[in-house]
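As a plain string of letters, each chain reads:
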Amino acid sequence: MILFAAWLAGLVFGLGLLVSGMADPHKVLGFLDLAGAWDPSLALVMAGAIAVGLVAFSLARRRERSWLGEPMRLPVLRHLDVRLVGGSLLFGVGWGVAGLCPGPALVLLGRLQPKAVGFVLAMLAGMALVAWLDRRRR
């Protein structure tokens, strides 16, 4: 049941990305182009997602178990560190250059879009590099 719920959540998320236009790199780059032909429509999508997230997290904080009976595992860290800030900067630069972030890239990978294939390969390489650096540091 847990795998089905994860699959269903991913399906709804992917459909939401497609319907909202967030999986279209041109639309995302239009949103990020503040000095040119700025497209503010994704700001409304993000505001709606933040509103839904705020409600969902406030309800989840009151529960000890999920609807499927699993323990709730919510973020607990409240401080900024170099890894968080550095990762956020890399994420933002990658988003601005490619017009993609991991969710939309995976949606477009399902459509075998060449740009998504390159993005996902680069993302996996970056994840492997971070894992390798973490192992070396320990």
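This report concerns the structure included in the present document.

## So, the pattern of salt bridges
Argument step 1. Summed over all chains, the structure comprises three salt bridges.
Argument step 2. Linking R83 and D134 is a salt bridge whose minimum nitrogen-to-oxygen distance equals 2.7 Å. Of the two residues, R83 sits in helix 4 (residues 82-98) while D134 sits in helix 6 (residues 114-137), which places them 51 residues apart along the sequence.
Argument step 3. Taking the shortest distance from any N to any O, the salt bridge between R137 and D134 comes out at 3.0 Å. Of this pair, R137 and D134 both sit in helix 6, three residues apart, roughly one helical turn.
Argument step 4. Look at R137 and you get exposed, because its relative accessible area is 59%.
Argument step 5. Three or more residues joined by partner-sharing salt bridges are found here, namely R83, D134 and R137.

## Thoughts on the packing of helix 2 (residues 25-32) against helix 4
Argument step 1. Where helix 2 meets helix 4, the closest approach of the two axes is 8 Å, and the angle between their N-to-C directions is 115°. Viewed along their axes, helix 2 and helix 4 adopt a mutual orientation that is roughly perpendicular. Touching P25, V28, L29, F31 and L32 of helix 2 are W95, G96, V97 and A98, all from helix 4.
Argument step 2. Residues belonging to the contact of helix 2 with helix 4 are distributed by class as follows: eight nonpolar, one polar and no charged.

## Topic: the packing of aromatic side chains
Argument step 1. One pass over the structure, following the stated rule, counts three aromatic pairs.
Argument step 2. Members of the aromatic cluster, joined through ring pairs, are F31, W38 and W95.

Conventions and cut-offs
- Residues numbered from 1 in each chain as written.
- Predicted model: local features only at pLDDT ≥ 70, side-chain atom pairs only at ≥ 80, totals over all residues.
- Heavy atoms only, no water.
- Salt bridge = Lys/Arg side-chain N within 4 Å of Asp/Glu carboxyl O.
- Helix = DSSP H or I, 4+ residues; strand = E, 2+ residues; numbered from the N terminus.
- Buried < 20%, exposed > 50% of the residue type's maximum accessible area, 1.4 Å probe, protein only.
- Axes fitted to C-alpha atoms, helices over the stretch in contact; angles between N-to-C directions.
- Parallel < 35°, antiparallel > 145°, perpendicular 65-115°, else oblique.
- Contact = heavy atoms within 4.5 Å.
- Nonpolar A, V, L, I, M, F, W, Y, C, P; charged D, E, K, R; others polar.
- Phe/Tyr/Trp six-rings, centres within 6.5 Å; stacked < 30°, edge-to-face > 60°.

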